[in-house]
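If you want the building blocks of each chain, they are given just below.
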Amino acid sequence: MSSPQPSQQYQDLLLQIQTDKTCSQSTELTKSIKQLEEDLNNNNSNNQTNNNYCTKSEISKLYLALGESQFMNEMDDLALENLENSILNDPTNARAFFYKGLVLCMLNRMNEAKQLLEHAVELDGTKHYYWLELGRCCNNLKEYDRALECFKKCLEVNHLNSNNKDNSLVNSVVDILYNMGVKLMTIEKDHYDKALQVFKEAGELDNKDLQIQGKIVQCLEALGQEDERDEKIKEIYERNLKEEFGKNQIRFCRDQFPIHSCVDAQGRNVHVFVYEYFKLVGDMAVKYVFAVTDENQKENLFRISLGSYTFTNALCKEQNPNVERMYHLDGYFGSMHKTYGFFVGTEEAPSLSYDELKKRVIGILTGTKNDVISSSTFN
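It should be emphasised that the depicted structure is a prediction, and the values quoted were computed from it without experimental measurement.

Draft legend 1. Looking closely at the overall build of the protein chain. Secondary structure assignment for the protein chain yields 14 helices and seven strands. Its C-alpha atoms give the protein chain a radius of gyration of 31 Å, clearly above 21 Å, the size a compact globule of 379 residues would have. Reported as C-alpha extents along the three principal axes, the dimensions of the protein chain are approximately 105 × 45 × 35 Å. Evaluated residue by residue, the protein chain yields a buried proportion of 48% over its 379 residues. In the protein chain, 51% of the contacts between residues at least 6 apart in sequence involve partners at least 24 apart. Of the roughly 20400 Å² that the protein chain leaves accessible, carbon and sulfur atoms contribute 47%. Of the side chains in the protein chain, 42 bear a positive and 57 a negative charge, and the two mean positions are spaced by 4 Å.

Shown next, in the form of structure tokens:
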């Protein structure tokens, strides 16, 4: 059975709306739609049947078209009014619910927006961008589980509709998930279990992003899941050897943590990022760098590193030829350098574990273990 032909009035007015790109005739076009709506209501109240009149569905589409155009031209109040009129004329118009929800998101009225976007996907769950914006809205409302469901559904629907992977959409979702995970780790404080779930989802979508893999390690570290952490690090090393993360990757951020009342920062609170290097490279090679920033992570203050320098190794081998590699723990504070200890090891790693090293560094930063073997000032 063929669909009824759209009325001429509808077609003419829709063309005017689509032609008016800047909404310069917005007031006149709104009046025209209202007149068509009034004509239809009068026709219905008189029990007349006239095929020349617009239908309720067509009037809904006209209000929607005008509301969309106004939204694109940042005329949000007018857009909201016309989108509501669209819904009143056709409560099954999913696109009208979607766009009204989108406008409310832009106005930061997230709770109202969520209700409309949820209704849009109930009416039509086949539009991936409905699910994407609902996910964004839930993310802003800190409803992270629902947000994650929506992003998964977004990609599933898009894949079903297109039969191929839309890389730009996947990349957008990965970026959103990454930022969500960071927010859970930092702004929300200590939601590492949820952050881990989010980063794992992001890693499945883009398994070649080393930064995401590092975030997974950081979450496992914070949760005390050391066995899984070590397995993940081993996997990262193996994949890096195969250049799966790209060529010339030299390190990844494996840990981060706050320190309260840091002695070398005049008692201020600081934040520490820990970078692990895949290989010892160069005359001043390092294995781990503890980069210390201010509490807000905006200013680099100083660094503590576990390195293995060519000059130091040469001296150590003169005294003990059996030493394969000598590592030393140093602090670099502007023009000041401090050495805290020496450790034997191999070309791959020092003898002490990362966990032992971390305890030592935390002791240095808090002043509970600040034994300085030597110090010097750079000229």
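Further notes follow.
Draft legend 2. Structural view of a negative patch on the surface. A cluster of acidic side chains, namely E226, D227, E231 and E238, defines a negative patch on the protein surface. Structurally, E231 is set in helix α12 (residues 226-241).

Draft legend 3. Structural view of the side chain of K114. As for its position among the elements, K114 is in helix α6 (residues 110-123). Side-chain polar atoms of K114 contact the side chain of E143, separated by 2.7 Å. Apart from residues lying up to four places away in sequence, K114 is in contact with L134, C137, C138, L141 and E143.

Draft legend 4. View of the pairing of strand β6 (residues 336-345). For β6, the buried fraction is high: seven of the 10 residues fall into the buried class. Pairing of strand β5 (residues 325-333) with β6 involves nine bridges; the strand directions are antiparallel. Bridged to R325 within β6 is G345. Hairpin connection of β5 to β6: two residues between the antiparallel strands, including G334 at a positive phi of 65°.

Draft legend 5. Spatial organisation of the packing of aromatic side chains. Evaluated as defined, the whole model comprises 12 aromatic pairs. Relative to Y129, the ring of F98 lies with its centre 5.6 Å away and its plane at 70°, an arrangement referred to as edge-to-face. Of this pair, F98 sits in helix α5 (residues 94-106) while Y129 sits in helix α7 (residues 128-140), and the two are 31 residues apart along the sequence. Given a relative accessible area of 3%, F98 falls into the buried group. Where Y178 meets F199, the ring centres are 5.8 Å apart and the plane angle is 65°; that geometry is what we call edge-to-face. A residue pair is termed long-range when its members are at least 10 positions apart, and Y178 in helix α9 (residues 167-185) and F199 in helix α10 (residues 192-205) qualify at 21 residues. Accessibility expressed as a relative area gives 16% for Y178, which makes it buried.

Draft legend 6. Main features of empty space enclosed by the protein. Counted under the stated rule, the structure contains one cavity of 30 Å³ or more. What the largest cavity holds in volume is close to 40 Å³. As for the largest cavity, its lining consists of Y144, D145, L148, L184, K194, Q197 and V198. Of all the secondary structure elements, the ones that give two or more residues to the lining of the largest cavity are α8 (144-162) and α10. Counted by class, the lining of the largest cavity contains four nonpolar, one polar and two charged residues.

Draft legend 7. Region of the structure containing unusual backbone geometry. Of note, the phi angle at K142 is positive, near 65°, even though the residue is not glycine. Mapped onto the elements of the fold, K142 is located in the loop between α7 and α8. In this structure, E243 is a non-glycine residue whose phi angle is positive, near 60°. Overall, the relative accessible area of 42% leaves E243 in the partly exposed class.

Draft legend 8. Inspection of the layout of surface pockets at higher detail. Here the largest pocket defines a volume of roughly 630 Å³. In terms of lining residues, the largest pocket is bounded by 25 residues, among which Y237, N240, Y277, F278 and K279 are the most central. Those elements that place two or more of their residues in the lining of the largest pocket are α12, β2 (270-277) and β3 (284-294). A breakdown of the residues in the lining of the largest pocket according to their chemical character gives 13 nonpolar, five polar and seven charged.

Definitions and limits used
- Per chain, residues are indexed from 1 in the order of the written sequence.
- At least 70 in pLDDT is required for a residue's local features to be given in this predicted model, at least 80 for side-chain atom pairs to be given and counted, and no such filter applies to totals for whole chains, interfaces and linings, which use all residues.
- The basis for every side-chain value is the complete set of heavy atoms in the structure, and neither hydrogens nor water enter the calculation.
- Strands here are runs of E lasting at least two residues and helices are runs of H or I lasting at least four, both read from the DSSP assignment and numbered beginning at the N terminus.
- Here the globule rule reads 2.2 Å times residues to the power 0.38, and the radius of gyration is calculated from C-alpha atoms.
- Using a 1.4 Å probe on the protein chains alone, a residue whose accessible area is under 20% of its type maximum counts as buried, one over 50% counts as exposed, and one in between counts as partly exposed.
- Only heavy atoms matter for contacts: two residues are in contact if any of them lie within 4.5 Å across the pair.
- Using a 1.4 Å probe, accessible areas were evaluated by the Shrake-Rupley method; residue-level cover was limited to the displayed protein chains.
- As used throughout, the charge tally considers Lys and Arg to be positive and Asp and Glu to be negative, leaving His and the chain termini uncounted.
- Taken as the charge centre is NZ of Lys, CZ of Arg, CG of Asp or CD of Glu, depending on the residue.
- Each patch is assembled from residues with relative accessible area greater than 30% and no salt bridge, linking like charges that lie within 9 Å and nonpolar side chains (Val, Leu, Ile, Met, Phe, Trp, Tyr) that lie within 5 Å.
- One speaks of a salt bridge when a side-chain nitrogen belonging to Lys or Arg is within 4 Å of a carboxyl oxygen belonging to Asp or Glu.
- Whenever a nitrogen or oxygen atom comes within 3.5 Å of another N or O atom, the pair is scored as a polar contact, on the condition that within protein one atom can donate a hydrogen and the other can accept it, and that pairs from neighbouring residues in sequence are kept only if both atoms are in side chains.
- Paired strands are those between which DSSP finds at least two bridges.
- The criterion for an aromatic pair is that two Phe, Tyr or Trp rings (for Trp, the six-membered ring) have centres within 6.5 Å, with stacked assigned to planes under 30 degrees apart, edge-to-face to planes over 60 apart and tilted to the rest.
- Computed over the protein atoms alone on a 1 Å grid, cavities are sets of points where a 1.4 Å probe fits but cannot get out and pockets are open sets with protein on both sides within 12 Å along at least five of seven lines; a residue lines them when it has an atom within 4 Å of a point.
- Grid points are joined across faces, edges and corners, and a volume is the space filled by probe spheres set on the points.
- In this classification, Asp, Glu, Lys and Arg are treated as charged, Ala, Val, Leu, Ile, Met, Phe, Trp, Tyr, Cys and Pro as nonpolar, and every other residue, Gly included, as polar.

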